[in-house]
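# Inside the fold
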Amino acid sequence: MGIILQPFAWLLLFFYNLFNSYGLALILFGIVVKLILFPVTLKSKKSMIQTTMLSGKMQQLQKQYGKDKERYNLEMQKLYEREKVNPMGGCIWSLIPMFVLVALYGIIREPLTYFMQMSGEQIQVLAAQLDWQTLAVTKGWVSQGNMDKLIQGMADKVASGELTVFADGLWKNKDGVISGLFQNGGFNQLYLLAQVTNENLASLQAAVNAQFAGAGEHLFVLNFIFLGIDLSLIPNLMFWNRGFGWDSIGLFLLPLISIAASTLSMKVSQATNKMSNQTKNEQMDRTNKMLMWMMPIMSLWIGFTIPAGLTVYWIAQYLVQMIQEVICGKMLKKDYEAAQEAAAKREAEEKEEEKRRKEEARLERQRRIEEEKKNRGKKKPQKKDTEPSQEGINREDSREGIRAYARGRSYIPGRYGGVTPYTDPNQLFRAIEAAETGKKKKSKSAKAKKGEQTSEEETKPQTVQAPEIPVPPAEPVVPLEQAAPAAETEEIEVEVEEIEVEIDEDENKEG
């Protein structure tokens, strides 16, 4: 961090050595920083104006796709790409001045480190020579309780052998590093440097040189007085505690002047953003009104919590910013008007294109309605089964019975070296069933013959004992052996019908 802050410290120190005024150096530093960042400010302003010009279209997209966030984000991205606008452009460029402000805050807070190149050990020696233990408590920079804790902590480290007493208010560890009661935090360096005066400068330089040869030569008296106000002090709301002199009243007025300058700067900035009539954006108006109240309140709080030197820098920044806003407005006015004309022309073209699309859609609907009226009551032409268009394909080669494409629509008999004879698998099943039926018929016929022979043997004694009945010559008696085959044929036919019924039932189950 020190490498980044050091160039800013050199610039501020250059202005101080040039004019021997800390306040004037801060003002010139703020002006130079604003001039360096003017191209960045111009680019940020241009990006913000371009984004503002799209507010009307953004509101329209919000109304159309407000419920569908994914579609809304997609349409917004398309809008930014079409208009060649970076939505984050204004925010990114506006962060650079904030970075410079943070850098300046670090420089003002630690002037001994960045202005006089003093190390932590050298600052501890300087603080011990100024009796920081008593001075900090008397001035109210450190509470008595915190100071007692620091002293007790050092005593405990001495008792444990971690530290040894080096001098009054100074200790050394085993490595020879000097430590003391000075805490390098808050604005303690600023308070300590403010105690260096022309009267004690020589003695302080000698004390530092005694421990660190040549280090004391970097120490000098920094004149914090600007217009009769000590810029190393922090303004207090109860200014009368310091008396009613100009030094106390002027210190109290600096945060109020900062608030007035920030409010005026915001009004000028908003005025330059409205260089011509723009689409009214209620959300943006509410945001601006909220900022008009929040920024002064925040500036007031910060102004009474930091040294007055930083407040002077802010006032200079606000004044230069107002001038830059006016210059940016004049420079961007022509570009803005040209962009506004291009946007209006593009919007007119989009409306014309939308009107043309609607007219085409209307004519298409009208044409379909007329076709439906003409075709009403007419039978729709049935699609004809067209022959395959591929060369060498014949539908008849694929036919099997009533199935026109049994072998496939692209079947070619000689495609793989010849025709594979088609065999119906049902024929094999029928042959098996026929063989089984034949066996059943043979077995049943054999059983039937055995039954007939047995019946003949049983009927012979009855024919012998029966009385002789005269038979007329016109009707010869038919022998029993000739009548038996007729009965056997009837039984076989009945069995064949039963077998056929069973075969039909089996086929139905398989189907």
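The following refers to the structure shown. (Residues numbered from 1 in each chain as written. Predicted model: local features only at pLDDT ≥ 70, side-chain atom pairs only at ≥ 80, totals over all residues. Heavy atoms only, no water.)

## Examining the overall build of the chain
- Counting secondary structure elements, the chain contains 18 helices and 5 strands.
- Here the chain, with 511 residues, has 32% of them falling under the buried criterion.
- For the chain, restricting intrachain contacts to residue pairs at least 6 apart in sequence, the fraction spanning at least 24 positions comes to 65%.
- Carbon and sulfur atoms provide 58% of the accessible area of the chain, an area that totals close to 34,000 Å². (Helix = DSSP H or I, 4+ residues; strand = E, 2+ residues; numbered from the N terminus. Buried < 20%, exposed > 50% of the residue type's maximum accessible area, 1.4 Å probe, protein only. Contact = heavy atoms within 4.5 Å. Areas by Shrake-Rupley, 256 points an atom, 1.4 Å probe, with all protein chains shown as cover.)

## A word on a nonpolar patch on the surface
- Together, Trp-246, Leu-253, Leu-256, Ile-257 and Leu-300 give the surface a local cluster of nonpolar side chains, amounting to about 430 Å² of exposed area.
- Top element by residues in the nonpolar patch is helix α13 (residues 246-273). It accounts for 4 residues.
- Here Leu-300 is to be found in helix α14 (residues 282-303).
- The exposure class of Leu-300 is partly exposed, given its relative accessible area of 33%. (Patch = residues over 30% accessible without salt bridge, like charges linked within 9 Å, V, L, I, M, F, W, Y side chains within 5 Å. Salt bridge = Lys/Arg side-chain N within 4 Å of Asp/Glu carboxyl O.)

## Focus: the sheet that holds strand β3 (residues 178-180)
- With antiparallel pairing, the 3 strands of this open sheet are ordered in space as β1-β2-β3. The sheet is open, and its two borders are formed by β1 (163-167) and β3, each paired with just one other strand. Recorded for the sheet is a direction-independent mean angle of 40 degrees between the axes of neighbouring strands.
- Examined bridge by bridge, strand β2 (residues 170-173) and β3 share 3 bridges and lie antiparallel to one another. Each residue of the ladder has a partner; that of Trp-171, found in β3, is Ser-179.
- Contacting β2 and β3, helix α8 (residues 120-129) runs over the sheet at an angle of about 45 degrees to β3.
- Running over the sheet, helix α10 (residues 144-159) touches β1, β2 and β3 and is turned about 115 degrees from β1. (Pairing = 2+ DSSP bridges. Axes fitted to C-alpha atoms, helices over the stretch in contact; angles between N-to-C directions.)

## A short note on the packing of aromatic side chains
- Evaluated as defined, the whole model comprises 9 aromatic pairs.
- For the ring pair Trp-132 and Phe-182, a centre distance of 4.9 Å and an interplane angle of 70 degrees mean the geometry is edge-to-face. Of this pair, Trp-132 sits in helix α9 (residues 132-139) while Phe-182 sits in the loop between β3 and α11 (188-194), placing them 50 residues apart in sequence.
- Here Trp-132 falls in the buried class, since its relative accessible area comes to 4%.
- Between Trp-141 and Tyr-191, the ring centres sit 4.7 Å apart and the planes meet at 10 degrees, which makes this aromatic pair stacked. Highlighted residues: Trp-141 in the loop between α9 and α10 and Tyr-191 in helix α11, separated in sequence by 50 residues.
- In this structure Tyr-191 comes out as buried when scored by relative accessible area, which is 12%.
- Against the face of Tyr-405 rests Arg-409, its NZ or CZ located 4.1 Å from the ring centre. (Phe/Tyr/Trp six-rings, centres within 6.5 Å; stacked < 30°, edge-to-face > 60°. Lys NZ or Arg CZ within 6 Å of the ring centre and 35° of its normal.)

## What to know about the pairing of β1
- As judged from the 4 bridges shared by β1 and β2, these two strands associate in the antiparallel manner. Looking across to β2, one finds that Val-165 is bridged to Trp-171.
- The hairpin turn running from β1 into β2, its antiparallel successor, is 2 residues long, and Gly-169 in that turn takes a positive phi close to 85 degrees.

## Comments concerning the environment of Arg-109
- Take Arg-109: it is sitting in helix α6 (residues 89-109).
- When the C-alpha atoms of Arg-109 and Gly-309 are compared, they prove to be 10.0 Å apart, with 200 residues separating the residues in sequence.
- Among the polar contacts listed, one links the side chain of Arg-109 to the side chain of Glu-110, at a separation of 3.0 Å. (Polar contact = N/O pair within 3.5 Å; in protein donor to acceptor, adjacent residues only side chain to side chain.)

## Describing helix α12 (residues 201-211)
- Residues of α12 that are buried include every one of Leu-201, Leu-204, Gln-205, Ala-207 and Val-208, and no others. The buried residues of α12 occupy an angular sector of 160 degrees when projected down its axis, which confines them to one face. The exposed set on the far side of α12, more than 90 degrees from its buried face, consists of Ala-202 and Ala-210.
- Buried residues belonging to α12 abut α8. (Arc of directions from axis to C-beta.)

## As for the environment of Leu-11
- Checked against the element boundaries, Leu-11 lands in helix α1 (residues 2-19).
- Using a relative accessible area of 26% as the deciding quantity, one classes Leu-11 as partly exposed.
- Separated by 22 residues in the primary sequence, Leu-11 and Val-33 have C-alpha atoms spaced 10.0 Å apart.
- Each residue touching Leu-11, except ones within four places of it in the same chain, is listed here: Phe-29 and Val-32.

## Points about the side chain of Glu-110
- Summarising the element assignment, Glu-110 is placed in the loop between α6 and α7 (111-114).
- Residue classification places Glu-110 among the buried residues on the basis of a relative accessible area of 12%.
- Ignoring any residue separated from it by four or fewer positions in sequence, one finds Glu-110 in contact with Asn-184 and Gln-189.

## Brief notes about the pattern of salt bridges
- All told, the structure shown has 11 salt bridges when counted by the stated rule.
- A salt bridge links Arg-357 to Glu-353; the shortest N-O distance between them is 3.7 Å. Highlighted residues: Arg-357 and Glu-353, both in helix α15 (residues 308-374), separated by 4 residues, approximately one helical turn.
- Look at Arg-357 and you get partly exposed, because its relative accessible area is 40%.
- Two residues, Arg-367 and Glu-364, come together in a salt bridge whose shortest N-O distance is 2.4 Å. Here Arg-367 pairs with Glu-364, and both are found in helix α15, just 3 residues apart, close to one helical turn.
- A network of salt bridges, in which partner residues are shared, links Glu-353, Glu-354, Arg-356, Arg-357 and Glu-360.

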